[in-house]
Amino acid sequence: MTSAFIDYERRGSVALLTFARPDQLNAMSGAMVEEILAAIATAADDPAIRALVLRGAGGNFMAGADIKAYATQSAEAFRDFQESAGRVYGALEALPKPVIAAVEGYALGGGFEIALSADLIVTHPEAKLGLPEVKLGLVPGGGGTQRLARKLGPNRAAELLMTGRFASAQEMADWGVVNRVADDTLGEALALAEQMARHPAGALADLKKLNLAAWQTGLEAGLEAERDAVCALFLTGDGMQRIRDFVTRSEHRKAEGAKA
Ligand code: COA
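Presented here is an overview of the structure given in this document. The numbering scheme is per chain: residues are counted from 1 as the chain's sequence reads. Selection of residues for local features in this predicted model requires a pLDDT of at least 70, selection of side-chain atom pairs for listing and counting requires 80 or more, and totals for whole chains, interfaces and linings are taken over all residues. In computing side-chain properties, one takes all heavy atoms of the structure into account and sets aside hydrogens as well as water.

## What to know about the site of the ligand
Part 1 of the reasoning: One heavy atom suffices: a residue is near a molecule or strand as soon as one of its heavy atoms comes within 4 Å of it. Taken together, 18 residues surround the ligand, and among them Ala 65, Ile 67, Lys 68, Ser 250 and Lys 254 come closest.
Part 2 of the reasoning: Any pair of N or O atoms that falls within 3.5 Å is considered a polar contact. Within protein, one atom must be able to donate a hydrogen and the other to accept it, and sequence-neighbouring residues count only if both atoms are side-chain atoms. The separation between a nitrogen atom of the ligand and a polar main-chain atom of Ala 65 is 2.9 Å.
Part 3 of the reasoning: In this structure, Lys 254 approaches the ligand through a side-chain N or O atom, which is 2.4 Å from an oxygen atom.
Part 4 of the reasoning: Residue assignment for the shell around the ligand shows that the elements contributing at least two residues are helix H2 (67–70), strand E5 (106–108) and helix H11 (237–259).
Part 5 of the reasoning: With four residues, H11 is the single largest residue contributor to the shell around the ligand.
Part 6 of the reasoning: Note on residue categories: nonpolar means Ala, Val, Leu, Ile, Met, Phe, Trp, Tyr, Cys or Pro, charged means Asp, Glu, Lys or Arg, and polar means any other residue, Gly included. Per-class residue counts for the shell around the ligand are ten nonpolar, two polar and six charged. Think of it this way: any DSSP run of H or I at least four residues long counts as a helix, any run of E at least two long counts as a strand, and we number them from the N terminus.

This is the structure we're talking about:
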């Protein structure tokens, strides 16, 4: 199955979902959200598929939600996007099969939130992970404030959220968020997925559900509060100005490139 912004392929008992919008560092648009959801549903419905591996094309996992689309969105469209993107993170966790994120390059904002919704994360040594929404005057809207604190502990999460800095793969591994750091990131992720895929599907599904239950108590209320916060911040002048600045920088670079 190949769509405009993703690729989905079966590799034996493992499905490989690739975010494929490399010229925009795989930034997640509304159309891409729908394609990702369809691919997850395909993996869910296929009994031959026992595990799912996620990766990005072109050397980056995903640099977050499509900020350029934000620049022209109404408050209502922004909230609709937050809700539909929220279904991606939920669908990854609801999939009764192990999900492994194979992260090369940038996993930022929604990209990091997708990785945080996976059961395991494998990264390339040069990968950079972070939630830079604060630089846009926003907060993460895809569970970043909730899942990161639960996985990292609140102090380390506060540091990343409030500075907006990108963490290295090794730092995230030392902090327990990344399972493995490997030069052959995809190979390592696929090997882990295949090792899991050999076990009975029922036991894997139960293990996934129980593992999520161990750290997700109270998650729903936190996700709702987060979504309300990002939608309220989207309406403030500061947030919108920073989003427009991002677009202006991109347009400026293109104009300079055209002149040269
Ligand atoms: N939304 C839309 N477009 C994005 C994007 C995003 N989240 N992230 C990158 N892009 C686009 C850039 O605008 C650029 O497109 P252009 O050639 O049409 O101008 C292209 O992807 C390449 O990115 P560029 O910024 O030139 O690469 P870089 O190596 O200089 O910087 C980043 C990489 C990741 C540091 C930078 O792109 C960035 O800060 N992105 C936004 C990250 C973010 O805030 N994510 C959270 C979103 S809520």
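## Description of the nonpolar core
Part 1 of the reasoning: Buried residues of nine kinds, namely Ala, Val, Leu, Ile, Met, Phe, Trp, Tyr and Cys, make up a nonpolar core once their side-chain atoms join them within 4.5 Å. Under the scheme applied here, a residue whose accessible area is under 20% of the maximum for its type counts as buried, over 50% as exposed, and between as partly exposed, the area being computed with a 1.4 Å probe on protein chains only. Counting residues in each nonpolar core, the largest one holds 61 residues, and the members touching the most others are Phe 19, Ile 36, Phe 61, Ile 114 and Met 172.
Part 2 of the reasoning: The element contributing the most residues to this core is helix H1 (residues 30–45), with seven residues.
Part 3 of the reasoning: Apart from the residues within four sequence positions on either side, Ile 114 is in contact with Phe 19, Met 28, Leu 54, Phe 61, Met 62, Val 88, Tyr 89 and Leu 92.
Part 4 of the reasoning: Counting 15 residues, the second-largest nonpolar core is a separate cluster that includes Val 14, Leu 16, Ala 51 and Ala 193. Any pair of residues with heavy atoms lying within 4.5 Å of one another is described as a contacting pair.

## Thoughts on the pattern of salt bridges
Part 1 of the reasoning: The rule for a salt bridge is simple: a side-chain nitrogen of Lys or Arg has to be within 4 Å of a carboxyl oxygen of Asp or Glu. Tallied over the entire structure, the rule returns eleven salt bridges.
Part 2 of the reasoning: Among the ionic pairs, Glu 171 bridges to Arg 165, the shortest N-O distance being 2.6 Å.
Part 3 of the reasoning: Of the charged contacts in the structure, one is a salt bridge between Lys 259 and Glu 256, with a shortest N-O distance of 3.2 Å. With a gap of three residues between them, Lys 259 and Glu 256 both fall in helix H11, about one helical turn apart.
Part 4 of the reasoning: The class of Lys 259 is exposed, set by a relative accessible area of 67%.
Part 5 of the reasoning: Each of Arg 79, Glu 83 and Asp 228 takes part in one network of salt bridges that share partners.

## Digging into the sheet that holds strand E3 (residues 51–56)
Part 1 of the reasoning: Only strands that DSSP links by at least two bridges are regarded as paired with each other. If you walk across this open sheet you meet the six strands as E1-E2-E3-E4-E6-E9, and the pairing is mixed. The sheet is open, and its two edges are formed by strand E1 (6–11) and strand E9 (180–181), each paired on a single side.
Part 2 of the reasoning: In the sheet, E3 pairs with strand E4 (residues 99–103) via three bridges, with the strands oriented parallel. Paired with Leu 52 across the bridge in E4 is Val 99.
Part 3 of the reasoning: Inter-axis angles, ranging from 0 to 180 degrees, are taken between N-to-C directions of lines fitted to C-alpha atoms, where helices are fitted over the stretch in contact. This element, H1, spans E1 and strand E2 (14–19) of the sheet and lies at about 15 degrees to E1.

## Describing the packing of aromatic side chains
Part 1 of the reasoning: Centres within 6.5 Å make a pair out of two Phe, Tyr or Trp rings, where for Trp the six-membered ring is used; the pair is then stacked when the planes are under 30 degrees apart, edge-to-face when over 60, and tilted otherwise. A complete count under the given rule lists six aromatic pairs for this structure.
Part 2 of the reasoning: Ring geometry for Tyr 70 against Phe 234: centres 6.3 Å apart, planes inclined by 70 degrees, an arrangement best described as edge-to-face. Taken together, the residues span a long stretch of sequence, with Tyr 70 in helix H2 and Phe 234 in helix H10 (residues 219–234) at a distance of 164 residues. There is no split in this pair, since Tyr 70 and Phe 234 are both buried.
Part 3 of the reasoning: The interplanar angle of 70 degrees and the centroid separation of 5.7 Å between the aromatic rings of Tyr 106 and Phe 166 together place this pair among those described as edge-to-face. Residue Tyr 106 is located in strand E5, and its partner Phe 166 is located in the loop between helix H6 (154–163) and strand E8 (167–168); the two are separated by 60 residues in the primary sequence.

## Describing the sheet that holds E8
Part 1 of the reasoning: What the three strands build is an open sheet, ordered E5-E7-E8; its pairing is mixed. Only two strands of the sheet have a single neighbouring strand rather than two, namely E5 and E8.
Part 2 of the reasoning: Judged from the two bridges that link them, strand E7 (residues 128–130) and E8 form a sheet pairing that is antiparallel. Bridged to Leu 129 within E8 is Ala 167.
Part 3 of the reasoning: Lying on the sheet, helix H4 (residues 110–117) is in contact with E5 and E7; it crosses E5 at an angle near 90 degrees.

## Examining H4
Part 1 of the reasoning: Here H4 lies mainly inside the structure; eight of its eight residues are buried.
Part 2 of the reasoning: Buried within H4 are the following residues: Gly 110, Gly 111, Phe 112, Glu 113, Ile 114, Ala 115, Leu 116 and Ser 117.

## Considerations on the pairing of E4
Part 1 of the reasoning: The buried fraction of E4 amounts to five of the five residues, a majority that puts the element mostly inside the structure.
Part 2 of the reasoning: Burial of E4 is two-sided: the residues Val 99, Ala 101 and Val 103 facing one way and the residues Ile 100 and Ala 102 facing the other way are all buried.

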